[in-house]
Amino acid sequence: KGWGLLACTEIVHPIGATNVTDFFPPSRWSVEATAEECRGRWNATPRDAGLWIPRMFGFGALKASPSSDLSNWASHVIFSYGELDP
């Protein structure tokens, strides 16, 4: 239950899919929809309009890229499950 509260307040994950740029079924995501769900479940809203983590840890317009769009600089991400990967 603690993760649900954190996901609603501090660690807001912008998870959406298009099935064009990814392999997931299409689904829309917005801070507003997340905030509405969080108000109903936890009586809480995302901190700093859902931008608390990016602002706190310096994510944003990077010097290497004039855009704050993560896909411009992080297009090859490897997901690993540590030593449990085959």
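Residues numbered from 1 in each chain as written. Predicted model: local features only at pLDDT ≥ 70, side-chain atom pairs only at ≥ 80, totals over all residues. Heavy atoms only, no water.

J.: Pulling in residues and values, what's your account of the side chain of Thr-34?
T.: Along the polypeptide, Thr-34 turns up in helix α2 (residues 31–42). Exposure remark for Thr-34: the relative accessible area of 15% places this residue in the buried category. Side chain to side chain, Thr-34 and Trp-29 meet in a polar contact 3.1 Å long. Apart from residues no more than four positions distant in its own chain, Thr-34 is found in contact with Val-12 and Trp-29. (Helix = DSSP H or I, 4+ residues; strand = E, 2+ residues; numbered from the N terminus. Buried < 20%, exposed > 50% of the residue type's maximum accessible area, 1.4 Å probe, protein only. Polar contact = N/O pair within 3.5 Å; in protein donor to acceptor, adjacent residues only side chain to side chain. Contact = heavy atoms within 4.5 Å.)

J.: I'd love a proper account of the pattern of salt bridges, names of residues and values included.
T.: With the rule as written, the count across this model stands at three salt bridges. Ionic pairing is found between Arg-41 and Glu-37, a salt bridge with its closest N-O pair at 4.0 Å. Within this pair, Arg-41 and its partner Glu-37 are both found in helix α2, separated by four residues, close to a single helical turn. For Asp-48, the salt bridge goes to Arg-55, with nearest N and O atoms at 2.7 Å. Relative accessible area serves as the criterion here: at 51%, Arg-55 is assigned to the exposed category. (Salt bridge = Lys/Arg side-chain N within 4 Å of Asp/Glu carboxyl O.)

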